[in-house]
Each structure stands twice: as C-alpha cells, then as structure tokens.
Amino acid sequence: QVQLVESGGGLVQPGGSLRLSCAASDIIFSMYVMGWYRQGPGKQRELVAAITSGGSTNYADSVKGRFIISRDNAKKMVNLQMNSLKPEDTAVYYCNAQHKLRGYDYWGQGTQVTVSS
C-alpha cells in the first residue's frame, strides 16, 4: 500500500525557516512527479512546488525565492525548505505523488505549518 508520510511542520515566527520532509513507500519513486500542496484556513488546496524525477522544478509565485523543493530518489524522499516564512504561509501542507502516464495520484496526511509571532 502506497504511503506518503510528512514530517517537519510546526510553529515558527515570521521570517523563520522550516524544513518539511516526505517519505514514500511502495512506489517506484523515480516514476513520479513529487509535489507539495497547501491548504490555508478557508482556502482551496494549492500547489506550492513540484519536482520531476530529473530535478525540474515548478513553484507558486508566492513562494519563489523563499522555498526550495528537492528530492532523493534513492531514499524515496522529497523535501521542502521554507525560508523567510510569512503569516500567509500558514496552512496544512500535503505531500503528493503523481504518475502522469498512469494517472496515479497519492496524498500524505498533511502537516500543519503555523507562522505567527
């Protein structure tokens, strides 16, 4: 059974940093585009960042220059380094794995990130 397990969320002050990690199991990790999405209070879920197996990345405009997504195909992990955090980054962050050709789409359980003084 495919599992995506996030870790690293928490409470941080504005301007601070957090690093989220997602460990995947039971998938051929290198075949998947890995992404981080978030859903803030009263908002729809949105893409934060995504990375292909080859390392090509895509970021939401709101996080460009502040967040960095990376992956380790051997360890089946994807990370999101979040710097210069703002209160508007407060959300539940979800790890996502997509197999574009076969239409497989998996989600983690989410991890809360709260940016507040």
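As the structure is a computational prediction, the values presented were derived from the model and not from experiment. (Residues numbered from 1 in each chain as written. Predicted model: local features only at pLDDT ≥ 70, side-chain atom pairs only at ≥ 80, totals over all residues. Heavy atoms only, no water.)

S.K.: Explain the overall build of the chain to me, using residue names and the numbers behind them.
M.R.: Each helix and strand in the chain was counted, giving 0 helices and 11 strands. Its helices and strands in sequence order give the chain the pattern β-β-β-β-β-β-β-β-β-β-β, from N to C terminus. The C-alpha atoms of the chain give a radius of gyration of 13 Å, which matches the 13 Å a tight globule of 117 residues would have. With the principal axes as the frame, the chain shows a C-alpha extent of 40 × 25 × 25 Å. Expressed as a percentage of its 117 residues, the buried residues of the chain come to 43%. Within the chain, residue pairs in contact and separated by at least 24 positions form 55% of the contacts whose partners lie at least 6 positions apart. A total of about 6,200 Å² of accessible surface is found on the chain, and carbon and sulfur atoms cover 48% of it. Across the chain, the mean location of the 12 positive side-chain charges is 3 Å away from that of the 8 negative side-chain charges. (Helix = DSSP H or I, 4+ residues; strand = E, 2+ residues; numbered from the N terminus. Rg over C-alpha atoms; globule rule 2.2 N^0.38 Å. Buried < 20%, exposed > 50% of the residue type's maximum accessible area, 1.4 Å probe, protein only. Contact = heavy atoms within 4.5 Å. Areas by Shrake-Rupley, 256 points an atom, 1.4 Å probe, with all protein chains shown as cover. Lys, Arg positive; Asp, Glu negative; His and termini not counted. Charge placed at Lys NZ, Arg CZ, Asp CG, Glu CD.)

S.K.: Please set out the pattern of salt bridges residue by residue, giving values where relevant.
M.R.: Using the criterion set out here, one finds 4 salt bridges in the structure. A salt bridge links Glu-46 to Arg-38, with the nearest nitrogen and oxygen atoms 2.7 Å apart. Classification of Glu-46 as partly exposed rests on a relative accessible area of 34%. In the salt-bridge network here, residues are joined through shared partners; they are Arg-38, Glu-46, Arg-66 and Asp-89. (Salt bridge = Lys/Arg side-chain N within 4 Å of Asp/Glu carboxyl O.)

S.K.: Could you give me a rundown of the nonpolar core, with the residues and numbers involved?
M.R.: In terms of nonpolar packing, the biggest core is built from 29 residues, with Met-34, Trp-36, Leu-80, Met-82 and Tyr-93 touching the most fellow members. Of all elements in the fold, only β3 (18-25), β4 (33-39), β5 (46-51), β7 (67-72), β8 (77-82), β9 (91-99) and β11 (111-115) reach the threshold of two or more residues within this core. Excluding residues that lie within four positions of it along the chain, Met-34 makes contacts with Leu-4, Phe-29, Ala-49, Ala-50, Ile-51, Ile-69, Arg-71, Val-78, Cys-95, Asn-96 and Ala-97. (Core = buried A, V, L, I, M, F, W, Y, C linked by side-chain atoms within 4.5 Å.)

S.K.: Account for the packing of aromatic side chains, naming residues and giving values.
M.R.: Summed over all chains, the structure comprises 4 aromatic pairs. Where Tyr-37 meets Trp-107, the ring centres are 4.9 Å apart and the plane angle is 65°; that geometry is what we call edge-to-face. Separated by 70 residues along the polypeptide, Tyr-37 in strand β4 and Trp-107 in strand β10 (residues 104-107) bring together distant segments of the chain. What makes Tyr-37 buried here is its relative accessible area of 17%. (Phe/Tyr/Trp six-rings, centres within 6.5 Å; stacked < 30°, edge-to-face > 60°.)

S.K.: Lay out the state of the cysteines in plain terms, naming residues and giving numbers.
M.R.: In this structure the tally under the stated criterion is 1 disulfide. Two residues, Cys-22 and Cys-95, share a disulfide whose sulfurs are 2.1 Å apart. Torsion about the S-S bond of the Cys-22 and Cys-95 cystine: about -80°, corresponding to left-handed handedness. Here the residue Cys-22 occupies a position in strand β3, and Cys-95 occupies one in strand β9, the gap between them amounting to 73 residues. On the basis of relative accessibility, which here comes to 0%, the residue Cys-22 falls in the buried class. Among the residues examined, Cys-95 registers a relative accessible area of 0% and is labelled buried. (Disulfide = S-S within 2.5 Å.)

It is worth stressing that arrangement in space is one thing and function is another; only the former is reported here.
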